[in-house]
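Residue-level structure breakdown
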Amino acid sequence: MSNSIVHILNNDCPHCLKGKVFNEKNIFLNIGFPKMNQYCSNCQFKFEKEPGYFFGAMYVNYGLTVAQGIATYAVAQFFFTENFDLRIIPIIAVVIIAMSSFNIRFSRLLWIYMFKNYSI
Ligand SMILES: [Zn+2]
(Lines give C-alpha, C1' and ligand atoms only; values in the text may rest on other atoms or scores of the structure.)
Protein backbone atom coordinates (compact mmCIF):
# COMPACT_ATOMS: atom_id res chain seq x y z
CA MET A 1 0.00 0.00 0.00
CA SER A 2 2.69 2.50 0.99
CA ASN A 3 4.66 1.34 -2.04
CA SER A 4 1.67 2.14 -4.28
CA ILE A 5 1.55 5.70 -2.95
CA VAL A 6 5.21 6.16 -3.87
CA HIS A 7 4.49 4.89 -7.40
CA ILE A 8 1.42 7.13 -7.69
CA LEU A 9 3.45 10.18 -6.66
CA ASN A 10 6.22 9.13 -9.08
CA ASN A 11 3.69 9.11 -11.94
CA ASP A 12 4.53 5.45 -12.70
CA CYS A 13 2.57 3.08 -14.91
CA PRO A 14 0.37 0.83 -12.70
CA HIS A 15 1.20 -2.26 -14.76
CA CYS A 16 5.00 -2.23 -15.20
CA LEU A 17 5.94 0.60 -12.77
CA LYS A 18 8.49 1.84 -15.34
CA GLY A 19 6.59 3.94 -17.87
CA LYS A 20 4.96 7.26 -17.07
CA VAL A 21 1.25 8.10 -17.07
CA PHE A 22 1.68 11.83 -17.67
CA ASN A 23 4.18 13.49 -20.00
CA GLU A 24 5.34 15.84 -17.26
CA LYS A 25 8.22 14.52 -15.16
CA ASN A 26 7.05 16.34 -12.04
CA ILE A 27 3.31 16.13 -11.30
CA PHE A 28 3.52 18.59 -8.40
CA LEU A 29 4.65 21.77 -10.13
CA ASN A 30 2.72 22.20 -13.35
CA ILE A 31 0.34 24.80 -14.63
CA GLY A 32 -2.41 23.95 -17.07
CA PHE A 33 -4.29 20.85 -18.06
CA PRO A 34 -2.28 17.61 -17.84
CA LYS A 35 -0.86 15.97 -20.96
CA MET A 36 -1.60 12.31 -20.43
CA ASN A 37 -0.09 9.45 -22.39
CA GLN A 38 -2.61 7.16 -24.06
CA TYR A 39 -0.45 4.06 -23.63
CA CYS A 40 2.49 3.20 -21.42
CA SER A 41 5.76 3.72 -23.32
CA ASN A 42 7.23 0.59 -21.73
CA CYS A 43 4.46 -2.06 -21.66
CA GLN A 44 1.70 -0.51 -23.88
CA PHE A 45 -0.78 -0.60 -20.98
CA LYS A 46 -3.82 1.48 -22.02
CA PHE A 47 -4.55 4.09 -19.33
CA GLU A 48 -8.00 5.23 -20.51
CA LYS A 49 -9.75 1.87 -20.74
CA GLU A 50 -12.98 3.27 -22.20
CA PRO A 51 -14.45 6.66 -23.13
CA GLY A 52 -15.34 8.52 -19.95
CA TYR A 53 -13.13 6.30 -17.82
CA PHE A 54 -11.86 9.28 -15.85
CA PHE A 55 -15.33 10.56 -15.05
CA GLY A 56 -15.01 8.79 -11.69
CA ALA A 57 -11.69 10.51 -11.05
CA MET A 58 -13.72 13.72 -10.85
CA TYR A 59 -15.24 12.47 -7.59
CA VAL A 60 -11.79 11.66 -6.23
CA ASN A 61 -10.74 15.17 -7.22
CA TYR A 62 -13.77 16.62 -5.42
CA GLY A 63 -12.90 14.68 -2.25
CA LEU A 64 -9.29 15.88 -2.40
CA THR A 65 -10.41 19.48 -2.89
CA VAL A 66 -12.82 19.36 0.06
CA ALA A 67 -10.15 17.78 2.27
CA GLN A 68 -7.65 20.48 1.28
CA GLY A 69 -10.25 23.18 1.96
CA ILE A 70 -10.94 21.79 5.44
CA ALA A 71 -7.21 21.42 6.16
CA THR A 72 -6.60 25.00 5.01
CA TYR A 73 -9.37 26.24 7.27
CA ALA A 74 -7.98 24.25 10.21
CA VAL A 75 -4.55 25.82 9.76
CA ALA A 76 -5.75 29.34 8.88
CA GLN A 77 -8.09 29.67 11.87
CA PHE A 78 -5.09 29.91 14.20
CA PHE A 79 -4.12 33.20 12.55
CA PHE A 80 -7.50 34.87 13.19
CA THR A 81 -9.21 35.76 16.47
CA GLU A 82 -12.77 34.96 15.39
CA ASN A 83 -13.82 31.36 14.83
CA PHE A 84 -15.53 31.86 11.44
CA ASP A 85 -13.61 34.82 10.08
CA LEU A 86 -14.71 35.52 6.50
CA ARG A 87 -11.15 36.47 5.51
CA ILE A 88 -10.34 32.75 5.58
CA ILE A 89 -12.52 32.11 2.50
CA PRO A 90 -10.17 33.86 -0.01
CA ILE A 91 -7.24 31.98 1.52
CA ILE A 92 -9.07 28.68 0.98
CA ALA A 93 -9.90 29.74 -2.60
CA VAL A 94 -6.25 30.54 -3.37
CA VAL A 95 -5.09 27.20 -1.96
CA ILE A 96 -7.74 25.27 -3.91
CA ILE A 97 -6.89 27.05 -7.17
CA ALA A 98 -3.16 26.52 -6.58
CA MET A 99 -3.69 22.81 -5.91
CA SER A 100 -6.15 22.20 -8.78
CA SER A 101 -3.54 21.23 -11.38
CA PHE A 102 -1.94 18.73 -9.00
CA ASN A 103 -5.36 17.40 -7.98
CA ILE A 104 -6.30 16.56 -11.58
CA ARG A 105 -3.15 14.49 -12.01
CA PHE A 106 -3.25 12.90 -8.56
CA SER A 107 -6.94 11.95 -8.80
CA ARG A 108 -6.45 10.32 -12.21
CA LEU A 109 -3.44 8.39 -10.95
CA LEU A 110 -5.42 7.26 -7.89
CA TRP A 111 -8.27 6.20 -10.17
CA ILE A 112 -5.98 4.19 -12.44
CA TYR A 113 -4.36 2.47 -9.46
CA MET A 114 -7.72 1.67 -7.84
CA PHE A 115 -8.86 -0.25 -10.93
CA LYS A 116 -5.57 -1.53 -12.29
CA ASN A 117 -6.44 -5.17 -11.62
CA TYR A 118 -9.73 -5.05 -13.54
CA SER A 119 -9.22 -5.56 -17.25
CA ILE A 120 -11.87 -4.92 -19.87
ZN1 LIG B 1 3.69 0.16 -18.25
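Up top is the structure these notes are about.
For clarity, every value in this text was computed on a predicted model and none was experimentally measured. (Residues numbered from 1 in each chain as written. Predicted model: local features only at pLDDT ≥ 70, side-chain atom pairs only at ≥ 80, totals over all residues. Heavy atoms only, no water.)

Here we look at the pattern of salt bridges
In the structure shown here, the tally under the stated rule is 3 salt bridges. A salt bridge links Asp-12 to Lys-20, with the shortest nitrogen-to-oxygen separation between them at 2.8 Å. Assessed through its relative accessible area of 33%, Lys-20 is described here as partly exposed. (Salt bridge = Lys/Arg side-chain N within 4 Å of Asp/Glu carboxyl O. Buried < 20%, exposed > 50% of the residue type's maximum accessible area, 1.4 Å probe, protein only.)

A few points about the packing of helix 2 (residues 57–76) against helix 3 (residues 88–114)
Between helix 2 and helix 3, whose axes approach to 7 Å, the crossing angle comes to 145 degrees. The element helix 2 and its partner helix 3 pack so that their crossing is right-handed. For the contact of helix 2 with helix 3, the per-class residue count stands at 16 nonpolar, 7 polar and 1 charged. (Axes fitted to C-alpha atoms, helices over the stretch in contact; angles between N-to-C directions. Helix = DSSP H or I, 4+ residues; strand = E, 2+ residues; numbered from the N terminus. Left-handed = near helix turned anticlockwise from the far one by under 90°. Nonpolar A, V, L, I, M, F, W, Y, C, P; charged D, E, K, R; others polar.)

Let's talk about a nonpolar patch on the surface
On the surface, Ile-5, Leu-9, Phe-28 and Leu-29 cluster together to form a nonpolar patch covering roughly 390 Å² of accessible area. Mapping Leu-9 onto the fold places it in helix 1 (residues 2–9). Accessibility expressed as a relative area gives 32% for Leu-9, which makes it partly exposed. (Patch = residues over 30% accessible without salt bridge, like charges linked within 9 Å, V, L, I, M, F, W, Y side chains within 5 Å. Areas by Shrake-Rupley, 256 points an atom, 1.4 Å probe, with all protein chains shown as cover.)

A short note on helix 3
Residues spaced three or four apart along an α-helix face the same direction, because each turn holds 3.6 residues. Counted at 1.5 Å a residue, the expected span for helix 3 with its 27 residues is 39 Å, but the 34 Å between its end C-alpha atoms falls short. Of all the bends in helix 3, the greatest, near 50 degrees, is centred on Ser-100. (Expected span 1.5 Å × (residues − 1). Bend = angle between axes of the 7 residues up to and from the residue.)

Examining the coordination of the zinc ion
Donor atoms from the polypeptide that bind the zinc ion are Cys-13 (SG), Cys-16 (SG), Cys-40 (SG) and Cys-43 (SG), placed at 2.2 to 2.3 Å. Given 4 donor atoms and angles of 105 to 114 degrees at the metal, the environment of the zinc ion is assigned as tetrahedral. Read from N- to C-terminus, the donor residues coordinating the zinc ion fall into the pattern C-x2-C-x23-C-x2-C. With Cys-13 in the loop between helix 1 and helix 2 and Cys-43 in the loop between helix 1 and helix 2, the pair connects residues that are 30 residues apart, well separated along the chain. (Donors = N, O, S within 2.8 Å, 3.2 Å for Na, K, Ca; no water. Tetrahedral: all angles 85-135°; square planar, octahedral: opposite > 155°, others 65-115°.)

Examining the packing of aromatic side chains
Enumeration according to the criterion identifies 6 aromatic pairs in this entry. When the ring of Tyr-73 is compared with that of Phe-84, the centres are 6.2 Å apart and the planes differ by 15 degrees; the resulting orientation is stacked. Of this pair, Tyr-73 sits in helix 2 while Phe-84 sits in the loop between helix 2 and helix 3, and the two are 11 residues apart along the sequence. The class of Phe-84 is exposed, set by a relative accessible area of 69%. (Phe/Tyr/Trp six-rings, centres within 6.5 Å; stacked < 30°, edge-to-face > 60°.)

So, unusual backbone geometry
Positive phi, normally seen in glycine, also occurs at Leu-17, with a value near 65 degrees. Positionally, Leu-17 belongs in the loop between helix 1 and helix 2. Despite not being glycine, Gln-44 has its phi angle at roughly 60 degrees, a positive value. Relative to the helices and strands, Gln-44 is located in the loop between helix 1 and helix 2.

Let's talk about the side chain of Asn-61
With respect to the helices and strands, the residue Asn-61 is situated in helix 2. Take Asn-61: its relative accessible area is 18%, and that puts it in the buried class. Excluding anything up to four places from it in sequence, Asn-61 contacts Asn-103, Ile-104 and Ser-107. (Contact = heavy atoms within 4.5 Å.)

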